[in-house]
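Below are the chains, spelled out letter by letter.
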Amino acid sequence: KLVSLAKAAGVSLAKQKGADRPAKVWLILDVSGSMMGLFKSGAVDRLVQRALAYGLNLDDDGEIGVILFDNEPIPFGSVNAANYRSFSQEVMKRRDIWGTTDYGKAMAVLRKEAAAEAGFGRTPVYVIFVTDGGTNDRKLAEKHIKEASSEAIFWKFMAIGPMPKGVKPGRRSLPRGFDFLAYLDDMPGRTIDNADFFALEDPDSPSDEEFFDLMATEYGGWLEAAAKAGVLKS
């Protein structure tokens, strides 16, 4: 299944110019209290499997880094082919999760971890940021996304949860803080546009092809813009 998913992800990436360039892939995953149901249902396991399959097309070390967050960031290590099946079980054993939601602190940890990599600035960093609600630290989150727009980091914001019928991402009527993620996608004052956002009522609802197309959207354009601006060095 993982091999099949990785092939499907590769097809979506091939649609984006230059998107098959090697990159470091990270998953930043919400573990606030409202996410518990998604962990128990197995939805997070399936989401992590898809994230890993996507990352295997870009990250040549065979794994993706993971940062968990509620009101505090929690570096988790990595997910790979050997441990992804037990990911949710391992997370749910923890006693330091299921709090409230703060994006900014997790963003800070990611930027610090990325900057410590030997190839930072030459190797793109692709961040999969998954949450089911809004943040308590909007100003800090805005600050990090603006500052990171001059760094070789692309942020893919994925919101999970019920949405009113007929509402499109980017509209003010998006629920539960999703409007803020849409704002980060289009926020002014950045060196380049370094983010994209999409929302899903159910992370299992799109087909593999649809999911990976959403993951790849805008990434090729960001690579081109980052190289042109000198943010991403050759």
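Coordinates for the structure precede this section.
Residues numbered from 1 in each chain as written. Predicted model: local features only at pLDDT ≥ 70, side-chain atom pairs only at ≥ 80, totals over all residues. Heavy atoms only, no water.

**Describing the environment of V127**
By the element assignment, V127 lies in strand β4 (residues 125-131). In this structure V127 comes out as buried when scored by relative accessible area, which is 0%. Measuring from C-alpha to C-alpha, the distance between V127 and F157 comes to 8.2 Å, with 30 residues separating the pair along the chain. Aside from chain neighbours lying at most four places away, what touches V127 is W26, I28, L110, I153, F154, W155 and K156. (Helix = DSSP H or I, 4+ residues; strand = E, 2+ residues; numbered from the N terminus. Buried < 20%, exposed > 50% of the residue type's maximum accessible area, 1.4 Å probe, protein only. Contact = heavy atoms within 4.5 Å.)

**Here's the deal with the layout of surface pockets**
The calculated volume of the largest pocket comes to roughly 180 Å³. Looking at the largest pocket, it is lined by 15 residues, and the ones nearest its centre are A23, K24, D59, E117 and T123. For the lining of the largest pocket, the class distribution of residues is eight nonpolar, two polar and five charged. (1 Å grid on protein atoms, 1.4 Å probe; cavity = no way out; pocket = protein on both sides within 12 Å on 5 of 7 lines; lining within 4 Å. Points joined across faces, edges and corners; volume = space filled by probe spheres on them. Nonpolar A, V, L, I, M, F, W, Y, C, P; charged D, E, K, R; others polar.)

**Let's talk about the pattern of salt bridges**
Taken as a whole and judged by the stated rule, the model has 16 salt bridges. The salt bridge partner of K15 is E209, with a shortest N-O separation of 3.8 Å. Remark: E209 occurs in helix α8 (residues 208-216) and K15 occurs in the loop between α1 (2-14) and β1 (24-30); sequence separation between them is 194 residues. Here K15 falls in the partly exposed class, since its relative accessible area comes to 49%. (Salt bridge = Lys/Arg side-chain N within 4 Å of Asp/Glu carboxyl O.)

**Concerning the pairing of β1**
Among the seven residues in β1, seven count as buried, and that is most of the element. Burial of the side chains of β1 extends over both faces: K24, W26, I28 and D30 are buried on one face and V25, L27 and L29 on the other. Examined bridge by bridge, β1 and β4 share six bridges and lie parallel to one another. Residue pairing for β4: W26 is matched across the bridge by V127. The pairing of β1 with strand β2 (residues 63-69) spans five bridges and is classified as parallel. Across the sheet, the residue bridging to W26 is G65, located in β2. (Pairing = 2+ DSSP bridges.)

**Quick word on the packing of aromatic side chains**
Following the criterion strictly, the structure yields 18 aromatic pairs and no others. Between Y54 and F212, the ring centres sit 6.3 Å apart and the planes meet at 15°, which makes this aromatic pair stacked. With Y54 in helix α3 (residues 43-56) and F212 in helix α8, this residue pair connects regions lying 158 residues apart in the sequence. The class for Y54 is buried, based on a relative accessible area of 0%. (Phe/Tyr/Trp six-rings, centres within 6.5 Å; stacked < 30°, edge-to-face > 60°.)

**Thoughts on the side chain of N80**
Turning to its location among the elements, N80 is positioned in strand β3 (residues 73-80). A relative accessible area of 18% places N80 in the buried class. At a separation of 2.9 Å, a polar atom in the side chain of N80 contacts the main-chain amide nitrogen of A82. Not counting chain neighbours up to four residues away, the residues in contact with N80 comprise L52, G62 and E63. (Polar contact = N/O pair within 3.5 Å; in protein donor to acceptor, adjacent residues only side chain to side chain.)

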